[in-house]
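# Analysis of the macromolecular model
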Amino acid sequence: VSIRTLDAGHYSTCAVSDAGEAWCWGLNDNGMLGQGTEGGAAFVPTRVVHAWEGPAFDAVTDVIMAADYSGNPYQDVYALRADGTLWGWAAATATSVPVPFLLGGEPVSGVWRVGTNQGCPTLIRRDGLVIGPTNSLCSANLDPIFPICP
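My aim in this report is to walk through the structure given alongside it, one point at a time.

Quick notes on the rules
Residues numbered from 1 in each chain as written. Predicted model: local features only at pLDDT ≥ 70, side-chain atom pairs only at ≥ 80, totals over all residues. Heavy atoms only, no water. Disulfide = S-S within 2.5 Å. Helix = DSSP H or I, 4+ residues; strand = E, 2+ residues; numbered from the N terminus. Buried < 20%, exposed > 50% of the residue type's maximum accessible area, 1.4 Å probe, protein only. Core = buried A, V, L, I, M, F, W, Y, C linked by side-chain atoms within 4.5 Å. Salt bridge = Lys/Arg side-chain N within 4 Å of Asp/Glu carboxyl O. Pairing = 2+ DSSP bridges. Axes fitted to C-alpha atoms, helices over the stretch in contact; angles between N-to-C directions.

### Description of the state of the cysteines
Here the structure, examined in full by the defined rule, presents one disulfide. Each sulfur in the disulfide pair C14 and C24 lies 2.0 Å from the other. Where C14 bonds to C24 through sulfur, the torsion about that S-S bond is close to 105 degrees, and the disulfide is right-handed. You can see C14 sitting in strand β2 (residues 12-17) and its partner C24 sitting in strand β3 (residues 22-27), a full 10 residues away along the chain. Assigned by exposure class, C14 and C24 land together as buried.

What follows is the structure in structure tokens.
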């Protein structure tokens, strides 16, 4: 598998292949490997194969591990898909779902990177616009996402 990008978190790593597949490995304490389970570990990259109530999880362009800013080992994983939708899974999300699910509703056009600020997802568009959550409680309230910086 040829890797396009990767990010490491607390004892786990996720990557995106050139084919647009998400792969994760390491500890799975709170479902950060995106396999639908919590606990255990994967010592080799394991493909994130499906989304919450949806089709195969593919067409991924970027992935980031977002540590809980209190310093504990629980974290979210955020993935950006080619259609501009933001997906997340694991611990700090309000539902603590261990498989990818859609965040923020509508796709955001022109996004090329996903980042985090204290565990909150932040999108960066090709035109330089930064888009992020509306408050510091993003883990409990990821919707809506709006422009915060021109």
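### A short note on the environment of G132
By the element assignment, G132 lies in strand β11 (residues 130-133). Among the residues examined, G132 registers a relative accessible area of 0% and is labelled buried. Sequence separation between G132 and T122 is 10 residues; the distance between their C-alpha atoms is 4.5 Å.

### Quick look at the nonpolar core
Counting 17 residues, the largest nonpolar core has F57, V77 and W89 as the members making the most contacts within it. Elements with a minimum of two residues in this core: β2, β3, β5 (60-67), β6 (75-81) and β7 (86-90). Residues I64, F101, L103 and L129 belong to the second largest nonpolar core, which totals 13 residues.

### What about the environment of V99?
In this structure, V99 sits in the loop between β7 and β8 (101-103). Along the sequence, V99 and G31 sit 68 residues apart, while their C-alpha atoms lie 7.4 Å from each other.

### A word on the pattern of salt bridges
Using the criterion set out here, one finds four salt bridges in the structure. Residue R125 pairs with D127 through a salt bridge whose shortest N-O separation is 2.4 Å. Of the residues examined, R125 reaches a relative accessible area of 22% and is grouped as partly exposed. On the accessibility criterion, D127 (54% relative accessible area) is exposed.

### Digging into the sheet that holds strand β4 (residues 41-47)
Spatial ordering of the open sheet is given by β1-β2-β3-β4, a layout of four strands whose pairing is antiparallel. Single-partner strands in this sheet number two, and they are β1 (3-8) and β4. Going from strand to strand, the sheet's axes swing by 10 degrees on average, the running direction of each strand aside. Where β3 lies against β4, four bridges are found, and the strand directions are antiparallel. If you follow C24 over to β4, its bridge partner there is T46.

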